[in-house]
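Residues per chain, in single letters:
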Amino acid sequence: MNLNKAKIIKFLKGEDEEELFNNASSLRENFFKNEVLLRAIIEFSNHCLRDCIYCGLRRENSRLNRYRMKKDEILNASKRVIDKGVETIVLQSGDDIYYSRDMVVDLIKSIKFLSRSIALTLSVGERVKDDYKAFYDAGADRYLMKHETANESLYNSLHPNQSFKERLNILYLLKKIGYQVGLGHIVGLPNQSLEDLAEDIMFYQDFQPDMIGLGPFISAVNTPLSAQSSPSMQLVLRSYALARVVTENAHVPLTTATITKSKSDSMAEALRISANVIMVDFTPKEYSLSYKIYDDRSMSSIEDMDCLIKRLGFVPSYLKGDSLKRF
Ligand code: 5AD
């Protein structure tokens, strides 16, 4: 369904919410029935050379315990994923160039060697351009790089020494290389207007990403935004519904940020109207506790998540779940 900016803003304000949620939930049901795809995430390093002012991993945060997982630790975590029967592994880290192109290529090949039926998603940030092709050729299938906000001046003010134009260039390059590409924005950034949020939705409509990871801003200690509050869950839910309506069949994870801020009724509502994916953490506990992107990050084991999904009336699926846009 194509929406213009004025209509999106109206929906974000809460006008015709029933119509919006009905449209979104019938698309969700059409494409994904009552299934929720589980993906395993391994957060292998919390070092980051960026300074995003909202993020607890920012370089300036000297109070964070930093860690880097070794190759065998990452492979062991991957084996645990494979043993559980989960068919997607997401490798995520801060922007950490300690892991050279060759190291990442070797890691991708090694994981693919453990199981050929695994889909591999990279979420390792901005790298030199040739890296993306090398990672794809080594076997990476998907790349998650949130655009964070589609307002260029807001983006540039939140990301010192980065540029929105460069971010966009990379996203289009990833698509051209052949990756299934994930975008995403944060709802509730300082100085973010409903018009800005409408731009995020317009961007999804135009780009048609394979995946959209959106969620509320949550404050993080030892960052410049530690005192900023989170947006209302209703605004987040409307954003979920709009992302579904303008992309129809994109995979939409119920992100950890949304789960962190949700009671079980809003989780169920997000799943009903839009979200069809949940990421489960396979990072070893001693590291995961230091992956403090924001405060009080919710984390659950695959067993707990499996139960919760069923309790909310959905059916967990461990299958690969490739993009419906190109496969
Ligand atoms: N609140 C919500 N999401 C955040 N992220 C980082 N910091 C925050 C925060 N304070 C998200 C960003 C980024 C990913 C690493 O985590 O979207 O892409």
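Relevant structure appears above.
Nothing here was measured: the structure is a model prediction, and the numbers come from that model. (Residues numbered from 1 in each chain as written. Predicted model: local features only at pLDDT ≥ 70, side-chain atom pairs only at ≥ 80, totals over all residues. Heavy atoms only, no water.)

> Help me understand the site of the ligand in this model?
Close to the ligand lie Y54, C55, K146, E148, I186, P216, F217, I218, I293 and Y294, which account for all nearby residues. E148 has a polar side-chain atom sitting 2.5 Å from an oxygen atom of the ligand. Between the ligand and I218 there is a distance of 2.6 Å, counted from a nitrogen atom to a backbone nitrogen or oxygen. A total of 400 Å² of accessible area belongs to the ligand in isolation, and the protein chains cover 86% of it. The class makeup of the residues in the shell around the ligand is eight nonpolar, no polar and two charged. (Near = heavy atom within 4 Å. Polar contact = N/O pair within 3.5 Å; in protein donor to acceptor, adjacent residues only side chain to side chain. Areas by Shrake-Rupley, 256 points an atom, 1.4 Å probe, with all protein chains shown as cover. Nonpolar A, V, L, I, M, F, W, Y, C, P; charged D, E, K, R; others polar.)

> Explain the state of the cysteines to me, please; I cannot follow it from the model alone.
Two cysteines form a disulfide when their sulfur atoms are joined by a covalent bond. Counted by the stated rule, this structure contains zero disulfides. In this model C55 remains outside any disulfide bridge; the closest cysteine sulfur is found in C52, 6.0 Å from its own. Note on C55: relative accessible area 14%, which makes it buried. (Disulfide = S-S within 2.5 Å. Buried < 20%, exposed > 50% of the residue type's maximum accessible area, 1.4 Å probe, protein only.)

> What's the story with the nonpolar core in this structure? I'm lost.
Across soluble globular proteins, nonpolar side chains show a tendency to be buried alongside one another. Counting 98 residues, the largest nonpolar core has Y54, L91, I111, Y179 and L254 as its most contacted members. Sorting elements by how many residues they give to this core places helix α9 (residues 233-247) first, with ten residues. In this structure I111 touches I74, L75, S78, I89, L91, I118 and L120, once residues within four positions along its chain are discounted. (Core = buried A, V, L, I, M, F, W, Y, C linked by side-chain atoms within 4.5 Å. Helix = DSSP H or I, 4+ residues; strand = E, 2+ residues; numbered from the N terminus. Contact = heavy atoms within 4.5 Å.)

> Even after reading the chapter, I still don't get the packing of helix α4 (residues 101-114) against helix α5 (residues 129-138), so can you show me in this structure?
Helix-helix packing is described using two parameters, namely the angle between the two axes and the distance between the axes. It is the contact of α4 with α5, at a shortest axis distance of 9 Å, that shows an interaxial angle of 20°. Our classification of the angle between α4 and α5 gives roughly parallel. In the crossing of α4 with α5, the sense of the turn from one axis to the other is right-handed. Mapping the contact onto sequence places R101, V104, V105, I108 and K109 in α4 and D130, D131, A134, F135 and A138 in α5. (Axes fitted to C-alpha atoms, helices over the stretch in contact; angles between N-to-C directions. Parallel < 35°, antiparallel > 145°, perpendicular 65-115°, else oblique. Left-handed = near helix turned anticlockwise from the far one by under 90°.)

> How should the packing of aromatic side chains be read in this particular structure?
What describes a pair of aromatic rings is the distance from one ring centre to the other and the angle between the planes of the rings. Taken as a whole and assessed by the stated rule, the structure comprises ten aromatic pairs. Between Y67 and Y287 the ring centres are 4.8 Å apart and the planes differ by 20°, which places this aromatic pair in the stacked class. Taken together, the residues Y67 in the loop between β1 (35-45) and α3 (71-84) and Y287 in helix α12 (residues 285-288) connect sequence positions 220 residues apart. Considered together, Y67 and Y287 belong to a single accessibility category, that of buried residues. Ring centres of Y143 and Y179 lie 5.5 Å apart, and the angle between their planes is 75°; this geometry places the pair in the edge-to-face category. Placement of Y143 in strand β4 (residues 142-144) and of Y179 in the loop between α7 (164-177) and β5 (180-183) is noted, with a sequence separation of 36 residues between them. (Phe/Tyr/Trp six-rings, centres within 6.5 Å; stacked < 30°, edge-to-face > 60°.)

> Explanation requested: the pattern of salt bridges in the structure shown.
Charged atoms that come close allow side chains of opposite charge to pair. A full pass over the atoms with the stated rule returns 22 salt bridges. With a shortest N-O distance of 2.6 Å, D95 and R50 are connected by a salt bridge. Here D95, found in the loop between β2 (88-93) and α4, pairs with R50, found in the loop between β1 and α3; they are 45 residues apart in sequence, far enough to count as distant. As far as the burial class goes, D95 and R50 line up, both buried. For K112, the salt bridge identified is with D141, shortest N-O distance 2.8 Å. You can see K112 sitting in helix α4 and its partner D141 sitting in the loop between α5 and β4, a full 29 residues away along the chain. A single network of salt bridges, built from pairs that share partners, joins K5, E195 and E199. (Salt bridge = Lys/Arg side-chain N within 4 Å of Asp/Glu carboxyl O.)

> Which parts of the structure should I look at to understand helix α1 (residues 5-13)?
Along an α-helix, residues three or four apart share an orientation, since each turn contains 3.6 residues. For α1, every residue scored as buried is listed here: I8, I9, F11 and L12. Along the axis of α1, the buried residues cluster in a sector spanning 160°; they form a single face. Where α1 begins, one side-chain oxygen reaches toward the backbone nitrogen of A6, 3.3 Å away; that side chain belongs to N4. After α1 finishes, the residue G14 shows a positive phi value of roughly 105°. (Arc of directions from axis to C-beta.)

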